[in-house]
Amino acid sequence: MSNIHSIEFRRSHSGEIDSILRNLMSLQGVTAAAIIDSDGLVTHIHRDFEVNTDALGASVQIVFGAASKAARHVGHNLANMVICENTEGYILLAPVEAGFMLALVTEREALLGRVRFELKETIPVLKKLFVNFL
Amino acid sequence: MHWFESQLLTLYQLAEAYSLSQKQEGNDILNRSEQGRQKRTEFIEAVQALVNRVINSAGVTACNAYHEGLILAQSGTTPDTDALGAMIQESVRIAQKGEAILHLGEIQQIVIVGGINKIAIITVGPLTLCIMSPKQTNLALSLSQYNG
C-alpha cells in the first residue's frame, strides 16, 4: 500500500491524534501526553507544565527499550506497557506502531486504574490511526 | 426496581454500548475513534457519578471502582485503596473459577462479611464496583432510594 497521502488526510489524522491526547489530558492528574517517534523525538504533545521534550523523548525510548529487553529475558515476549511509579507521580509508556510510543505523565493524585484503562483502550485506536498515517 | 438497581442497569447499558462501539468495523477510523472515545467517556462518567452518589446512602463508608485491581474512581474513606483493589481482583478471579464448576452464570456480585465491616463487590463490564459499610448495614435497604 502506498504511504503517500494527501495533506488533508494527514491533517485529519494528526487532528484526531491531537484530540486523543487532549482527551487523555482531561483525566484527573494527567499533566502531559505525548507521542514519541523511534528516534526519541516528540511528534505530538499536550502538557500543562514546562518539560524538556528532547529529554522526555530520549528517556521514554531508553526506559521502554530496557523494559522490552527485561520482558524478553524472562520469556514474557513483548512489553505492552511500562509504568514508572515515582515520588511525585507516574509515567506510563505504551508502544503504538513502527517504534512510536505514547507517554503519559501524571501527578501522584492521578487514579492509576483510570489512566491505565484509558491508555489500554486508546492504544488500539492509535495503532489503527498510525497504520493509516505512516 | 429500586434506585441502585436502576443505576446499575444504566451502567450495564453504557458498558454494552461502549463494547459494541469497539467492535464496529469499517474504514472510517476517524469517526470510530471519536465515537469510541465518546462512549467510553459516557460510561466512565456514569461510573464516577454513581460512586459519588452511593456514598450518600445510609451506612455506606466508601465506594470505589476498579479496573483490573487498580483504582478508577473513589468516594468516602478506604483504609488501603491498593490492598482493597488487589483483594477484590483476587476474589472476582476465584469466583469466576467457580462460575463454570457450579453453573452460576457470569459473576455479578460477591459479598464479603467480616466481624466489623462488609464489602459488596459488583462487576460492571470491564470494571468492578466496591461498596463498603459496617456489618449491620442493610445495603439493599440503604441503596433502595437516592439520599443525595
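Going by the structure above, here's the rest.
Here's a quick rundown of the structure. These numbers were taken from a predicted model, which means no experiment stands behind them.

**Looking at the sheet that holds strand β3 (residues 82-85) of chain A**
Residue and element names in this part refer to chain A. Taking strand neighbours across the sheet as the criterion, the five strands line up as β2-β1-β5-β4-β3 in an open arrangement whose pairing is antiparallel. Where the open sheet ends on each side, the last strands, each with one partner, are β2 (42-47) and β3. The mean inter-strand angle of the sheet, taken between neighbouring strand axes irrespective of direction, is 10 degrees.

**Digging into the layout of surface pockets**
Here the largest pocket defines a volume of roughly 430 Å³. In terms of lining, the largest pocket is formed by 21 residues, of which the most central are Glu106, Val124, Gly125, Pro126 and Leu127 of chain B. If you list the elements that add at least two residues to the lining of the largest pocket, you get α3 (112-133) of chain A together with α1 (3-23), α3 (81-102), β4 (117-124) and β5 (127-134) of chain B. Looking at the lining of the largest pocket element by element, the count peaks at six residues for α1 of chain B. Considering only residue class, the lining of the largest pocket consists of nine nonpolar, eight polar and four charged. Here the second largest pocket defines a volume of roughly 300 Å³. Residue lining of the second largest pocket: 15 residues in total, with Ala79, Asn80, Met81, Pro95 and Lys127 of chain A positioned closest to the centre.

**A closer look at the packing of α1 of chain B against helix α2 (residues 29-54) of chain B**
Helices that pack against each other are described as a pair by the angle of their axes relative to one another and the distance between those axes. Residue and element names in this part refer to chain B. Put simply, α1 and α2 touch, their axes get as near as 8 Å, and they point 160 degrees apart. In terms of orientation, α1 lies roughly antiparallel with respect to α2. Judged by the twist between their axes, the crossing of α1 over α2 is left-handed. Within the contact between the two elements, α1 uses Trp3, Phe4, Gln7, Leu11, Leu14, Ala15, Ala17, Tyr18 and Ser21 and α2 uses Gly36, Lys39, Arg40, Glu42, Phe43, Ala46, Val47, Leu50, Arg53 and Val54.

**Structural notes on the packing of aromatic side chains**
Under the counting rule described, the total for this entry stands at two aromatic pairs over all chains. Between Phe100 of chain A and Phe130 of chain A, the ring centres sit 4.9 Å apart and the planes meet at 55 degrees, which makes this aromatic pair tilted. Of this pair, Phe100 of chain A sits in the loop between β4 (89-95) and β5 (101-107) while Phe130 of chain A sits in helix α3, placing them 30 residues apart in sequence. The same class applies to Phe100 of chain A as to Phe130 of chain A, namely buried. The interplanar angle of 50 degrees and the centroid separation of 6.4 Å between the aromatic rings of Trp3 of chain B and Phe4 of chain B together place this pair among those described as tilted. Assessed through its relative accessible area of 13%, Trp3 of chain B is described here as buried.

**Considering α2 of chain B**
In a regular helix each residue adds 1.5 Å, so 26 residues correspond to 38 Å; α2 of chain B covers 37 Å between its end C-alpha atoms and thus fits that length. Three or more residues of α2 of chain B are buried, namely Ile29, Arg32, Ser33, Gly36, Arg37, Arg40, Phe43, Ile44, Val47, Leu50, Val51 and Val54 of chain B.

**A word on the pairing of β4 of chain B**
All names here are of chain B. Across the eight residues that make up β4, a large majority, seven, are buried. Here strand β3 (residues 109-113) pairs with β4 via five bridges, running antiparallel. Pairing of Gln109 across the sheet is with Ile122, part of β4. Hairpin geometry of β3 and β4 is characterised by an intervening segment of three residues between the two adjacent antiparallel strands.

**Describing unusual backbone geometry**
Positive phi, normally seen in glycine, also occurs at Glu68 of chain B, with a value near 50 degrees. Using a relative accessible area of 38% as the deciding quantity, one classes Glu68 of chain B as partly exposed.

**Notes on a negative patch on the surface**
On the surface, Asp48, Glu88, Glu107 and Glu109 of chain A cluster together to form a negatively charged patch. When you line up the elements, Asp48 of chain A lands in the loop between β2 and α2 (53-73).

**Let's talk about α3 of chain B**
All names here are of chain B. With 22 residues, α3 ought to run about 32 Å at 1.5 Å a step, and its terminal C-alpha atoms sit 31 Å apart, in line with that. Considered for burial, the residues of α3 that qualify are Thr81, Leu84, Gly85, Ile88, Ser91, Val92, Ala95 and Gly98. Buried residues of α3 fall within an arc of 155 degrees about the axis and therefore sit on the same side. In α3, the exposed positions that point more than 90 degrees away from the buried face belong to Asp82, Lys97, Ala100 and Ile101. Lining the buried residues of α3 we find β1 (62-67), β2 (70-76), β3, β4 and β5. For α3, the side-chain oxygen to backbone nitrogen distance between the N-cap and Asp82 is 3.3 Å, and the N-cap itself is Asp80. Phi turns positive, to about 55 degrees, at His103, one or two residues after α3.

**Focus: the nonpolar core**
All names here are of chain B. Of all hydrophobic cores here, the largest spans 27 residues; its most connected members are Phe4, Phe43, Val47, Val54, Leu72, Leu129 and Ile131. Elements with a minimum of two residues in this core: α1, α2, β1, β2, β4 and β5. For this core, the element with the most residues is α1, which contributes seven residues. Ignoring sequence-local partners within four residues, the contact set of Phe43 consists of Leu11, Leu14, Ala15, Val124, Pro126 and Leu127.

Criteria and cut-off values
- Residues numbered from 1 in each chain as written.
- Chains lettered and ligands numbered in written order.
- Predicted model: local features only at pLDDT ≥ 70, side-chain atom pairs only at ≥ 80, totals over all residues.
- Heavy atoms only, no water.
- Pairing = 2+ DSSP bridges.
- Helix = DSSP H or I, 4+ residues; strand = E, 2+ residues; numbered from the N terminus.
- Axes fitted to C-alpha atoms, helices over the stretch in contact; angles between N-to-C directions.
- 1 Å grid on protein atoms, 1.4 Å probe; cavity = no way out; pocket = protein on both sides within 12 Å on 5 of 7 lines; lining within 4 Å.
- Points joined across faces, edges and corners; volume = space filled by probe spheres on them.
- Nonpolar A, V, L, I, M, F, W, Y, C, P; charged D, E, K, R; others polar.
- Parallel < 35°, antiparallel > 145°, perpendicular 65-115°, else oblique.
- Left-handed = near helix turned anticlockwise from the far one by under 90°.
- Contact = heavy atoms within 4.5 Å.
- Phe/Tyr/Trp six-rings, centres within 6.5 Å; stacked < 30°, edge-to-face > 60°.
- Buried < 20%, exposed > 50% of the residue type's maximum accessible area, 1.4 Å probe, protein only.
- Expected span 1.5 Å × (residues − 1).
- Patch = residues over 30% accessible without salt bridge, like charges linked within 9 Å, V, L, I, M, F, W, Y side chains within 5 Å.
- Areas by Shrake-Rupley, 256 points an atom, 1.4 Å probe, with all protein chains shown as cover.
- Salt bridge = Lys/Arg side-chain N within 4 Å of Asp/Glu carboxyl O.
- Lys, Arg positive; Asp, Glu negative; His and termini not counted.
- Charge placed at Lys NZ, Arg CZ, Asp CG, Glu CD.
- Arc of directions from axis to C-beta.
- Polar contact = N/O pair within 3.5 Å; in protein donor to acceptor, adjacent residues only side chain to side chain.
- Core = buried A, V, L, I, M, F, W, Y, C linked by side-chain atoms within 4.5 Å.

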